[in-house]
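# Structure assessment
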Amino acid sequence: VKINTVILGFGNVGRGFASVLLRKAEYLHKRLDIQLIVLGVVEIGPDGSFHSAFSEHGLDLMKLLETRRKTGTISAYSGAGGHYSSLELIERSGAQLMLEMTPTNLKEGEPGLSHIGAALARGMSVVTSNKGPLLFGFKDLKRLAEDNNVGFGYSAAVAGALPIIPTGCYALAGCQVDSIEGILNGTSNYILTEMTNSGVAMQQALVKAQQMEIAETDPRLDIEGYDTAFKLLISANSIMDADAKISDVKVSGIEHVTQDAIEQTRSRGCMLKLIGRARRTDDHVDMSVGLEEIHPEHPFYSVNGIWKAVKFETDLLGGIVLLGGKSDPELAAGAMLRDIVNLARESRIEGGGRLDKRF
Ligand SMILES: NC(=O)c1ccc[n+]([C@@H]2O[C@H](COP(=O)([O-])OP(=O)(O)OC[C@H]3O[C@@H](n4cnc5c(N)ncnc54)[C@H](OP(=O)(O)O)[C@@H]3O)[C@@H](O)[C@H]2O)c1
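First, a word on what this report is: a plain description of the structure on this page. (Residues numbered from 1 in each chain as written. Predicted model: local features only at pLDDT ≥ 70, side-chain atom pairs only at ≥ 80, totals over all residues. Heavy atoms only, no water.)

Our focus in this paragraph is the pairing of strand S3 (residues 50-54). Within S3, 4 of the 5 residues are buried, which leaves it mostly tucked inside the rest of the structure. The pairing of strand S2 (residues 35-44) with S3 spans 5 bridges and is classified as antiparallel. By the bridge assignment for S3, Gly40 is matched with Phe54. Hairpin geometry of S2 and S3 is characterised by an intervening segment of 5 residues between the two adjacent antiparallel strands and by a positive phi of about 85° at Gly48. Across 2 bridges, S3 lies against strand S4 (residues 81-82) in antiparallel orientation. Across the sheet, Ser52 pairs through a bridge with Gly82, a residue of S4. (Buried < 20%, exposed > 50% of the residue type's maximum accessible area, 1.4 Å probe, protein only. Helix = DSSP H or I, 4+ residues; strand = E, 2+ residues; numbered from the N terminus. Pairing = 2+ DSSP bridges.)

Below, the structure written as structure tokens:
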């Protein structure tokens, strides 16, 4: 199958995706019969306006990456460069698949929300790494995808490589998931590990995390527990049908943890961890994020540093634990490809986006 694709956002994950695709093209074609043809890419250029590259015959990804690296803009791609806006690219391309990798907006989900809505409404399948639209429009976007009979993949937005969504939605098929608990934020876990192992203060550990480029641009999102809460919310809404909002999650973070508290926990043989927890009660799902003392028998006891982990409790398959999910743009790109392959296997990427008759 040939899948005509457009890419919105060509930053770390977007360029990472192009590299992953170059590396995996032959494997995808020979082993899975999937040929992903990138017709167009759009990003915001150095001057703050839209920069694009588009060819109805497909772009050469090596040349695209090279052009971007040498000139700083994809619009310098010879013969196909231009200035289509994101919505114009969706409307003009007639692509079957849109990959949304623009920055996360935690205030209202834009521009990702409009991009995804426009593509789904036009009959395009969508795969995204952007949490913002899922926080504000998850239910509506899911319904739009169903109404238009197209695929919608978002596993890259929830702990990237760690397959929380694919496990919850596919591998646990037939189960009722009664609880999800997880170490879902690598930065706060790294800080707690550094404080425990090296005896450093929180601020020092945070500076190290920032030097490693794993912290959010605004590190309060990591430290105050909100990044964990966002991932927990999206997971519970999609795996446990929670239908909840961020205000339904009780959130506290690691900001007040002292060396004293770490030492006291250690003296009891335990580890302090920031845990996100969603638990099914009779009629709804309770969600919270907060510090917990983890005892040595718990599978999270040795989940240290930048590692993440999640544990599902189910009615049919018992408890399932996953470990992994290092923060890394190429791994996030790999998670996007995972969604594309799964959607293609289910024949959810078919037809083509309806072309806008005006063009
Ligand atoms: N980095 C990771 O490891 C990781 C992991 C999982 C998920 N994610 C998520 O994946 C998304 C992309 O992350 P990233 O690290 O690649 O971010 P990034 O480096 O900031 O890239 C975002 C790209 O989108 C472009 N852009 C901004 N507004 C746009 C618009 N209206 N239309 C088209 N393009 C637009 C940006 O252009 P300008 O830079 O010129 O504004 C840039 O090319 C984010 O939502 C992020 O939270 C990232």
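Of all hydrophobic cores here, the largest spans 65 residues; its most connected members are Met98, Ile164, Met287 and Phe312. In this structure Met98 touches Val6, Leu8, Ile90, His115, Ile116, Ala119, Met124, Ser125, Val126 and Val127, once residues within four positions along its chain are discounted. Listed in part, the 36 residues of the second largest apolar core include Ala80, Leu99, Met336 and Ile340. (Core = buried A, V, L, I, M, F, W, Y, C linked by side-chain atoms within 4.5 Å. Contact = heavy atoms within 4.5 Å.)

So, on to helix H8 (residues 202-211). Of all the residues in H8, the buried ones are Met202, Ala205, Leu206 and Ala209. The arc that holds the buried residues of H8, viewed along the axis, is 100°, so those residues lie on one side. Relative to its buried face, H8 has exposed residues pointing more than 90 degrees away, namely Gln203 and Gln211. Those residues of H8 that are buried are in contact with helix H7 (186-198) and helix H9 (220-223). Phi for Glu213, located one or two positions after H8, is positive at around 60°. (Arc of directions from axis to C-beta.)

A word on the pattern of salt bridges. One pass over the full model with this rule turns up 18 salt bridges. Measuring nitrogen to oxygen at the nearest pair gives 3.3 Å for the salt bridge that ties Lys131 to Asp227. One end of the pair, Lys131, is in helix H5 (residues 131-147); the other, Asp227, is in helix H10 (residues 226-239), with 96 residues separating them in the sequence. Several salt bridges share partner residues, and in doing so they unite Glu181, Arg277, Glu292, Lys311 and Glu313 into one network. (Salt bridge = Lys/Arg side-chain N within 4 Å of Asp/Glu carboxyl O.)

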